[in-house]
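# Architecture at a glance
Take a look at the letters that make up each chain.
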Amino acid sequence: MALTGLFGGTFNPIHCGHLKAAEEVLRYFPLDRILFIPSYIPPHKSQKEVVAVEHRLRMVEIACQNQPKFLVSDVEARNPAPSYSIVTLRKLKEIYPEDRFFFIVGSDAFLEIETWKDYTELLKECSFIVVSRPGFGLRSVRGVIEKIRQENLAGIEKFSLLSPDELSVNGVYLLEINSPDISSSEIRKRLQSGLPITGLVPEGVEEYINKYNLYR
Ligand code: ATP
Ligand code: MG
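Calculation notes
Residues numbered from 1 in each chain as written. Chains lettered and ligands numbered in written order. Predicted model: local features only at pLDDT ≥ 70, side-chain atom pairs only at ≥ 80, totals over all residues. Heavy atoms only, no water. Helix = DSSP H or I, 4+ residues; strand = E, 2+ residues; numbered from the N terminus. Rg over C-alpha atoms; globule rule 2.2 N^0.38 Å. Buried < 20%, exposed > 50% of the residue type's maximum accessible area, 1.4 Å probe, protein only. Lys, Arg positive; Asp, Glu negative; His and termini not counted. Charge placed at Lys NZ, Arg CZ, Asp CG, Glu CD. Arc of directions from axis to C-beta. Contact = heavy atoms within 4.5 Å. Phe/Tyr/Trp six-rings, centres within 6.5 Å; stacked < 30°, edge-to-face > 60°. Salt bridge = Lys/Arg side-chain N within 4 Å of Asp/Glu carboxyl O.

### Side note on the overall build of the chain
The helix and strand inventory of the chain stands at 8 helices and 7 strands. Over its C-alpha atoms the chain spans a radius of gyration of 17 Å, differing by no more than 12% from the 17 Å that the globule rule assigns to 216 residues. Within the chain, the fraction of its 216 residues that count as buried is 48%. Averaging the positions of the 26 positive and the 28 negative side-chain charges in the chain gives two centres separated by 4 Å.

### Things to note about helix 7 (residues 184-192)
Within the sequence span of helix 7, burial applies to S184, I187, R188 and L191. Down the axis of helix 7, the smallest arc covering the buried residues is 100°, so these residues share one side. The elements touched by buried residues of helix 7 are helix 1 (16-28) and helix 8 (203-212). A positive backbone phi angle near 75° is found at G194, which sits one or two residues after helix 7.

### What to know about the packing of aromatic side chains
A complete count under the given rule lists 10 aromatic pairs for this structure. For the pair F7 and F11, a centre-to-centre distance of 5.7 Å together with 85° between the ring planes defines the contact as edge-to-face. A ring pair is formed by F102 and Y173, whose centres lie 6.5 Å apart and whose planes are at 45°; its orientation type is tilted. You can see F102 sitting in strand 4 (residues 100-106) and its partner Y173 sitting in strand 7 (residues 172-175), a full 71 residues away along the chain. Neither F102 nor Y173 differs from the other in exposure class; each is buried. By the ring-pair criterion, three or more aromatic residues cluster together here, those being F7, F11, F36 and F70.

### Digging into the side chain of S179
Note that S179 resides in the loop between strand 7 and helix 7. Owing to a relative accessible area of 14%, S179 belongs among the buried residues under this scheme. Residues contacting S179, with those up to four places away along its chain left out, are G17, K20, S132, R133 and P134.

### Section: unusual backbone geometry
Of the consecutive residues N12 and P13, the connecting peptide bond is found in the cis state with omega at 0°. Within the element layout of this structure, P13 appears in the loop between strand 1 (3-9) and helix 1. Even without being a glycine, F11 presents a positive backbone phi close to 50°. By the secondary structure assignment, F11 is in the loop between strand 1 and helix 1. With a phi close to 55°, N213 is a non-glycine residue in the positive phi region.

### Some points on the side chain of E24
Checked against the element boundaries, E24 lands in helix 1. A residue is classified by how much of its surface remains accessible, and E24, at 9% relative accessible area, is buried. Beyond its immediate stretch of four places on either side in the chain, E24 contacts L175 and I177.

### Digging into the pattern of salt bridges
Within the structure shown, the criterion is met by 10 salt bridges. Where K20 meets E24, a salt bridge forms, and the shortest distance between an N and an O atom there is 3.6 Å. Residue K20 and its partner E24 are located together in helix 1, separated by 4 residues, close to a single helical turn. Between E125 and R90 there is a salt bridge, with the nearest N and O atoms lying 2.7 Å from each other.

So this is what it looks like as structure tokens:
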């Protein structure tokens, strides 16, 4: 059995805030691996600023290559349909029937959980690790948890390493972290304005963006 984190996102592009969040999760949760899952965005839906999923996948691969526990999954990217977490989770459960899954989401994303397809099922079928994001503290996340609370759904906050035993029930875990105040939108804006993005994304990702002249 493996404990597997699932970190979904548009990753348009992946940046140091994403990586810091995933690293902090590994510091506190004994996960065996974290799968980064770039979402497919249907062409008609995508604002033109979402670059092709092949580019986003490749940049995530580059960003993950130095951390052996960070892996990339193309389960959403290669399926040309809107990406729903519940569908992704069930697919991954078929591929890895022995694993326990933890969706990793930033606090801004979790605040919208009630808009996710079949979110009550999703909350029963896996755990969540909600990491704080600058500007989106965990306070309002607690409010959402209170509102949607149900059996098996515990809001648990821990600041020391949790043991696999402690993680044996599905729950929503809250993790306060200091991630840098970086967003993909800000990076795209900077590139459009010709401003440097050094330090906001890993070096290899910056090189990739320059090589393919993305977001300009
Ligand atoms: P955009 O500005 O295009 O929305 P983004 O920076 O929010 O991009 P996403 O791909 O939308 O990146 O986010 C994927 C996941 O990563 C979400 O759960 C989001 O909350 C989380 N996340 C993004 N940036 C950070 C950050 N700086 N710290 C913590 N979590 C983050
Ligand atoms: Mg976002």
